[in-house]
Amino acid sequence: MKTKRNPNCIFCQIIEGKIPCYKIYEDETTLAFLDISKDVEGHTLVIPKKHQASMQDATNCTLHNVFKTVNKICKHYYAKGYTGMRIQINSGETVGQSVHHLHVHILPTKATQPLKEPATKPLQINLEELANLLRLP
Ligand code: 5GP
Ligand code: ZN
């Protein structure tokens, strides 16, 4: 598949394997991995493998592929015991987009782990162990 990457983009570097990540799922057009911030257990990012900065330049095809993966992961996380997911896209710096490669946040929650807003301090999470538990085949 032809891909368009931006060498200065941290998520493009993750796709290329130049920066490690805790992978949850990958297919031909998308990659999902745990967010590094440890603000919410299971916080997952879904990205297209083609570099598109934000919703301003996202194509229908990219959004279709990305949301297909979001849907797949959410179903899997429900099966793993999470009971709710917040799905969020920050598009543009004025809403806090800090990485300019389109990404969908999946914020899973449970009755025992409600979302705290704003997040206080990083949770005690071992991302490697969590990724091993949540990874899709
Ligand atoms: P934004 O604020 O752009 O919507 O979200 C960017 C997200 O990317 C943040 O939640 C941040 O924690 C995450 N992030 C930034 N750099 C890295 C990284 O190198 N690895 C991973 N796994 N997540 C990252
Ligand atoms: Zn990129």
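Here we summarise the structure given alongside this text. A quick note: this is a predicted structure, and the numbers were derived from the prediction, not measured.

Tallying secondary structure elements over the protein chain gives 3 helices and 5 strands in all. Listed by position from the N terminus, the elements making up the protein chain come as α-β-β-β-α-β-β-α. Taking 2.2 N^0.38 as the reference for a compact globule, 137 residues should give roughly 14 Å; the C-alpha atoms of the protein chain span a radius of gyration of 14 Å, in line with that estimate. Taking the principal axes of the C-alpha coordinates as reference, the protein chain spans close to 40 × 35 × 25 Å. In the protein chain, buried positions account for 42% of the 137 residues. When contacts within the protein chain are restricted to residue pairs at least 6 apart in sequence, those whose partners lie at least 24 apart make up 61%. For the protein chain, the exposed area adds up to about 8,100 Å²; of that, 52% sits on carbon and sulfur atoms. Separation between the mean location of the 17 positive side-chain charges and that of the 12 negative ones in the protein chain comes to 4 Å.

Tetrahedral coordination by four donors places them ideally at 109.5 degrees to one another around the metal; octahedral coordination by six donors ideally gives 90 or 180 degrees. Protein coordination of the zinc ion (ligand 2) is provided by C9 (SG), C12 (SG), H51 (ND1) and H101 (ND1), with donor distances spanning 2.0 to 2.3 Å. For the zinc ion (ligand 2), the 4 donor atoms are set out with angles of 106 to 117° between them, so the coordination reads as tetrahedral. Binding-site remark: the zinc ion (ligand 2) is held by donors from one chain whose sequence spacing is C-x2-C-x38-H-x49-H. A residue pair is termed long-range when its members are at least 10 positions apart, and C12 in helix α1 (residues 10-15) and H101 in the loop between β4 (84-88) and β5 (104-109) qualify at 89 residues.

It is worth spelling out the state of the cysteines at this point. What the rule picks out here adds up to 0 disulfides. The thiol of C21 is unpaired, and the distance to the nearest cysteine sulfur, on C9, comes to 13 Å. Taking the relative accessible area as the measure of exposure, C21 reaches 28% and is therefore partly exposed.

As a further point, take the packing of aromatic side chains. Applying the stated criterion to the full structure yields 2 aromatic pairs. Ring centres 5.5 Å apart and planes at 80° place the aromatic pair F11 and F33 in the edge-to-face group. Placement of the pair is F11 in helix α1 and F33 in strand β2 (residues 30-34), with a sequence separation of 22 residues. The residues F11 and F33 share a single accessibility class, namely buried. Taking the centre distance of 5.9 Å and the plane angle of 50° together, the rings of Y77 and Y82 count as tilted.

In terms of burial, β2 is largely enclosed, as 5 of its 5 residues are buried. Side chains T30, A32 and L34 of β2 all project onto a buried face; the interleaved residues L31 and F33 project onto the opposite face, where all are buried too. Bridge count for strand β1 (residues 23-26) against β2 is 3 bridges, and the pairing is antiparallel. Directly across from Y25, in β2, lies its bridge partner A32. Pairing of β2 with strand β3 (residues 44-48) involves 5 bridges; the strand directions are antiparallel. Within β3, the residue paired with T30 across the bridge is P48.

Calculation criteria
- Residues numbered from 1 in each chain as written.
- Chains lettered and ligands numbered in written order.
- Predicted model: local features only at pLDDT ≥ 70, side-chain atom pairs only at ≥ 80, totals over all residues.
- Heavy atoms only, no water.
- Helix = DSSP H or I, 4+ residues; strand = E, 2+ residues; numbered from the N terminus.
- Rg over C-alpha atoms; globule rule 2.2 N^0.38 Å.
- Buried < 20%, exposed > 50% of the residue type's maximum accessible area, 1.4 Å probe, protein only.
- Contact = heavy atoms within 4.5 Å.
- Areas by Shrake-Rupley, 256 points an atom, 1.4 Å probe, with all protein chains shown as cover.
- Lys, Arg positive; Asp, Glu negative; His and termini not counted.
- Charge placed at Lys NZ, Arg CZ, Asp CG, Glu CD.
- Donors = N, O, S within 2.8 Å, 3.2 Å for Na, K, Ca; no water.
- Tetrahedral: all angles 85-135°; square planar, octahedral: opposite > 155°, others 65-115°.
- Disulfide = S-S within 2.5 Å.
- Phe/Tyr/Trp six-rings, centres within 6.5 Å; stacked < 30°, edge-to-face > 60°.
- Pairing = 2+ DSSP bridges.

Read these as spatial facts, not as claims about activity.
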